[in-house]
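What the coordinates show
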There are 2 protein chains.
Amino acid sequence: MRIGVVGGGQLGRMLAEAGAGFDARFTFLDPSESACAGLHGRHLKADWSDAAALEALIADSDVVTFEFENVSPDVVATLAERRPAFPPAEALATARDRWAEKSLFRSLDIPLPAVAKIDSQADLDAAVAEIGLPAVLKTRTLGYDGKGQKVLRETADVAGAFAELGAVPLVLEGFVDFDHEVSLVAVRGRDGDTRAWPLTRNEHRQGILHRSTPQPGHALQPRAEDYAQRVLDALDYVGVMAFEFFVSGDELLANEIAPRVHNSGHWSIEGAATSQFENHLRAIAGLPLGSTERLAPCAMLNVVGAFPERDAVLTVPGTRWHDYGKAPRPGRKIGHITVLAPCEEQLQERLDAVEKLLVNDLG
Amino acid sequence: MRIGVVGGGQLGRMLAEAGAGFDARFTFLDPSESACAGLHGRHLKADWSDAAALEALIADSDVVTFEFENVSPDVVATLAERRPAFPPAEALATARDRWAEKSLFRSLDIPLPAVAKIDSQADLDAAVAEIGLPAVLKTRTLGYDGKGQKVLRETADVAGAFAELGAVPLVLEGFVDFDHEVSLVAVRGRDGDTRAWPLTRNEHRQGILHRSTPQPGHALQPRAEDYAQRVLDALDYVGVMAFEFFVSGDELLANEIAPRVHNSGHWSIEGAATSQFENHLRAIAGLPLGSTERLAPCAMLNVVGAFPERDAVLTVPGTRWHDYGKAPRPGRKIGHITVLAPCEEQLQERLDAVEKLLVNDLG
């Protein structure tokens, strides 16, 4: 099994770790000299659109995938002419464009916050009049981890906001007074078989994911799976997709999708019968999907900007250390820690102990 | 963390897989062109005693270990002069020599089957007179997986048996009419901290391990841990050691030790809060040891000589595939399959389903 991956960051790296049991060989296309996935395979150091590098990737691969969504759908479409390439380019195009994404939710009767397409300050003024404040203005493409967005709290924030975000295509999203955020990580095989891991509760700090805790038996699991299935089937999707939702009372509102393995699913490496990384590989390679059952109470804590003292963390029982081998920088995800426990009460104690040790630098 | 490993087989390979989260770098010394651990690090293709290769290994490593016991203890002692090298050479020397091993058990008051040192046919005749038949004649060194041994059932088997096994130093072991075999995999840190995984029940086919099933709460766990602690402390051991025992009624008789990660501990990769491979790394690198709790009912099945149909195995829920990337050959361990389940009953069903698919060629 030879897997070609566009992108060579930590998601690619963990994908390769999951492939070891299949004796899979990986080739990563990534322009960065220090792409951290390079440890686990061949690293083609070239731009995403470099024709010779894409040829080399094709020559090295039986199947091609990507590990981040800032690659152009055109590149995926080009690769798909030569090799099975999953997820499909159309899914990538939809996920990269907030308006296309929200429009898909609407067309599939999936509830979502109020949203408007903004291509001018006039569009923005009209949308604010309809949706009201507070609201969140976001670029249609290329935003992540809270970047490329602005919260509009009062009328004074609205004037000039279109220009402030670069006068690029935007969307305005109605503010949701949610109770908490959850994500559903799901996987769909080439044959349409679909599995989902338990809904995972996500807590953010300064717009960056801080903690993810799977919640098996969550009352909203069936509804989330139903929404996910609609999206996956509509896109004829193959591979792992993450769905972020707002939970407000018993309402579940779609926020966004990511056409790839997802930070909120990292707990599945140790905590599930099959991890998101392994099932992504199984899906794109056309193998049967694995069980998504949670094995034990667990949670994941992100390491951002700086590592806590390693020995102190490892002294807390049930901790697993994930150093991505990236240079630390404020606001940069450089690792994560999974915490496992035989019961929920002990999980809470262990999590509290690890939280106290974190020295994250969010920038 | 730079780890040098003498040996480059599947145990080294899985050690490297466990090191990924620590961003560890591996160098393997193995004369085989196709050493399967080479996928995960630098491969020095040279004989174990090649001076230049040992220099290169030292230059590449902060800590050195070995992944099989057929390396000479002298090599480990030499490495230990230049780098921390674990497990200690003395432990390796003891485990490689069945007579030294049994003598250690005796000196530590650990019960074991009747045993005699055999250096001639006369020794053998005398030992048979004392121990009785049936009994098992084994080479003192270099035997594994049932190789280098002969069962003596009746008087006719005794004559010439010394010559038949090569007229090398041997031991005669009294035959134990055991109920089943178990192993305890334990780990001891540089600071003496010791942890053990649950006792694991092992079933063999033609002398080759077939199935290993961890049994948390086994009545003999405390006694096995006591015996293991005696051995580990006596050898001032650092790293993972496996202890094989015969269970006969409520008796626990020591069979042998292996100074390394062990086939009967492979279930811990997915089934325990920390795997034997990760804890071996933590131990030799001087990090705090991780929890050895079992996360869920599970068992491991060896793949010997030939792989079963992969898709059929993966279709059974909770299965995890481990292909070591080795050329299949009758009697050769080329992979294993871990089976996980939410309860013991489902585990049994899933195991039965996978067992039916196995096409092992034991040679």
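Residues numbered from 1 in each chain as written. Chains lettered and ligands numbered in written order. Predicted model: local features only at pLDDT ≥ 70, side-chain atom pairs only at ≥ 80, totals over all residues. Heavy atoms only, no water.

Focus on the relation of the copies chain A and chain B
Overlay of chain A on chain B (RMSD 0.1 Å): rotation 180 degrees, translation along the axis 0.0 Å. Taken together, the rotation and translation relating the two chain copies correspond to the operation of a two-fold axis. Ranked by how close their C-alpha atoms come to the rotation axis, the residues of chain A are headed by Leu295(A), at 3.0 Å. Most of the interface of chain A is mirrored in chain B: 100% of its interface residues are interface residues there too. (Least-squares fit on C-alpha atoms with pLDDT ≥ 70 in both. Contact = heavy atoms within 4.5 Å.)

Some points on the domain arrangement of chain A
According to the domain assignment, chain A contains domain 1 (2–85), domain 2 (114–174) and domain 3 (180–357). Using only C-alpha atoms to locate each centre, domain 1 of chain A and domain 2 of chain A end up separated by 35 Å. (Domains from an automatic or database assignment.)

Concerning the nonpolar core
Formed by 91 residues in total, the largest nonpolar core has its most connected members in Phe26(A), Phe26(B) and Ile337(B). Not counting residues within four places of it along the chain, the set of residues in contact with Phe26(A) comprises Ile3(A), Val5(A), Leu15(A), Ala16(A), Gly19(A), His40(A), Gly41(A), Arg42(A) and Leu281(A). (Core = buried A, V, L, I, M, F, W, Y, C linked by side-chain atoms within 4.5 Å. Buried < 20%, exposed > 50% of the residue type's maximum accessible area, 1.4 Å probe, protein only.)

Side note on the packing of aromatic side chains
Residue and element names in this part refer to chain A. If you walk through the whole model with that rule in mind, you get 10 aromatic pairs over all chains. Their ring planes at 55 degrees and their centres at 4.8 Å tell us that Trp48 and Phe68 sit as a pair that is tilted. Pair noted here: Trp48 is in the loop between strand S3 (42–44) and helix H2 (51–60) and Phe68 is in the loop between strand S4 (63–66) and helix H3 (73–80), with a separation of 20 residues, a long-range link. (Phe/Tyr/Trp six-rings, centres within 6.5 Å; stacked < 30°, edge-to-face > 60°. Helix = DSSP H or I, 4+ residues; strand = E, 2+ residues; numbered from the N terminus.)

Focus: the sheet that holds strand S1 (residues 2–6) of chain A
All names here are of chain A. Spatially, S3-S2-S1-S4 is the arrangement adopted by the 4 strands of the open sheet, whose pairing is parallel. Single-partner strands in this sheet number two, and they are S3 and S4. The average angle at which neighbouring strand axes cross in this sheet is 20 degrees, direction not considered. Bridging between S1 and strand S2 (residues 25–29) involves 5 bridges; their strand directions are parallel. Bridge pairing links Val5 to Phe28 in S2. In this fold helix H1 (residues 10–19) packs onto S1, S2 and S4, with an angle of close to 170 degrees to the strand it touches most, S2. (Pairing = 2+ DSSP bridges. Axes fitted to C-alpha atoms, helices over the stretch in contact; angles between N-to-C directions.)

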